[in-house]
Amino acid sequence: MQIVKTAVDLNQVLNSFRQQQIGFVPTMGALHEGHISLIKASKSHSNTTVCSIFINPTQFNQKADFENYPITLTEDIELLEQADCDILFLPSLTEVYPNGTAAIKPYPLGNLANILEGAFRSGHFEGVCQVVDRLLELVIPHFIFMGLKDFQQCKVVEQLLKMPHLNHQAKLITLPTLREQSMLAMSSRNRRLTADELEKAGELYQSLLYVQNALMPGNEKACLQKAADNLLQNGFDSVDYIALANAHSFELVTHWDGLEPLVVLGAAFLHGVRLIDNLILPVHLKGLY
Ligand code: PAF
């Protein structure tokens, strides 16, 4: 695996691969099996796989979250080598933002940036757009691979790729969430939990599963409330939201007709660590017959 740290070197290395398909996996490091599944998918879709590790300050709305973000570079490099990743792009802040971190391009996301994660993490998705836009500009991949654990982020990047003024040609490929034994969605932030907390954290998945199983047209509010209560009864500090959204348009759903494709999403704090998860509900005709 080649490790490159500057935009100039990246371009030079990639120039000899540009005739063939390039797959790109953007990350903030602290890699886990979920990231490695993205690298594997990229390897099977593309001729050359580029992974980036860059902890993007502009997407953090809390200074402490940025400062506490886990850094495990030596292990990350080892995992990427084992997964046979071709290129690791490891840029500095000035390589990514040579003109400073203030975003100059507009990223019109509409309501998508204002609901759920966007509401609780003000400015987060603008920061995600800013860094993904810049990384795509540098890597110019054919495919970008992202995990569905960050469902709303996948929707945001889908929008970003359609913004005509950015002119990106990459196709987004999303992959299913990988889970720990407790069914907790794999995440870099899980490293901040003890073994006991990791076990308890599986309750977020159980709450979403409860919604999946109990939801009927007419009981939406009660069902979401019960799922949130379940988290508080099982040791979570607080719940930001448990909500339903249309799995395609990502509009919030308060009244379900039993047919609309849904995703149930949750965000909650356990011992000061903010966890998010979601389940795409299987299409069914519940409550209609
Ligand atoms: O999902 C992440 O790790 C980050 O939001 C991303 C896409 C690498 C942008 O910094």
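For the structure itself, look to the data block above.
Bear in mind that the values here come from a model prediction, so they are computed numbers and not experimental data. (Residues numbered from 1 in each chain as written. Predicted model: local features only at pLDDT ≥ 70, side-chain atom pairs only at ≥ 80, totals over all residues. Heavy atoms only, no water.)

A. Layout of the packing of helix α7 (residues 124-139) against helix α8 (residues 151-162). Across the interface, α7 lies against α8 with an axial gap of 10 Å and an inter-helix angle of 55°. As far as their axial angle goes, α8 and α7 are oblique. In terms of crossing hand, the pair formed by α7 and α8 is right-handed. Listed contacts from α8 to Phe125, Val128, Cys129, Val132, Asp133 and Leu136 of α7 are Gln152, Gln153, Val156, Val157, Leu160 and Leu161. Residue composition of the contact of α7 with α8, by class: nine nonpolar, two polar and one charged. (Axes fitted to C-alpha atoms, helices over the stretch in contact; angles between N-to-C directions. Helix = DSSP H or I, 4+ residues; strand = E, 2+ residues; numbered from the N terminus. Parallel < 35°, antiparallel > 145°, perpendicular 65-115°, else oblique. Left-handed = near helix turned anticlockwise from the far one by under 90°. Contact = heavy atoms within 4.5 Å. Nonpolar A, V, L, I, M, F, W, Y, C, P; charged D, E, K, R; others polar.)

B. Region of interest: the pairing of strand β5 (residues 143-147). Along β5, four of the five residues are buried, which leaves the element largely enclosed by surrounding structure. Taken together, the two bridges between strand β2 (residues 22-27) and β5 define a ladder with parallel strand orientation. Directly across from Phe24, in β5, lies its bridge partner Ile144. Pairing of β5 with strand β6 (residues 171-175), which is carried by five bridges, proceeds in the parallel orientation. Bridging across to β6, Met146 finds its partner in Thr174. Taking the sense of rotation as the criterion, the β-α-β connection linking β5, α8 and β6 turns out right-handed. (Buried < 20%, exposed > 50% of the residue type's maximum accessible area, 1.4 Å probe, protein only. Pairing = 2+ DSSP bridges. Right-handed = clockwise from strand over helix to strand, strands pointing away.)

C. Quick look at the site of the ligand. In the region of the ligand, the neighbouring residues are Pro26, Thr27, Met28, Gln59, Val131, Met146 and Gln153. At 2.6 Å, a side-chain N or O of Gln59 approaches an oxygen atom of the ligand. Within the complex, 89% of the 290 Å² of free accessible area of the ligand lies under protein. Counted by class, the shell around the ligand contains four nonpolar, three polar and no charged residues. (Near = heavy atom within 4 Å. Polar contact = N/O pair within 3.5 Å; in protein donor to acceptor, adjacent residues only side chain to side chain. Areas by Shrake-Rupley, 256 points an atom, 1.4 Å probe, with all protein chains shown as cover.)

D. Quick look at the nonpolar core. In terms of nonpolar packing, the biggest core is built from 50 residues, with Ile144 and Phe250 touching the most fellow members. At the level of elements, α1 (7-15), β2, β4 (87-89), α7, β5, α8, β7 (238-246) and β8 (262-270) are the ones that each hand at least two residues to this core. In terms of residues, this core owes the most to one element, α7, which gives nine residues. The contacts of Phe250, once residues within four sequence positions are left out, are Leu112, Ile115, Leu116, Phe151, Gln152, Lys155, Ala245, Val263 and Leu265. (Core = buried A, V, L, I, M, F, W, Y, C linked by side-chain atoms within 4.5 Å.)

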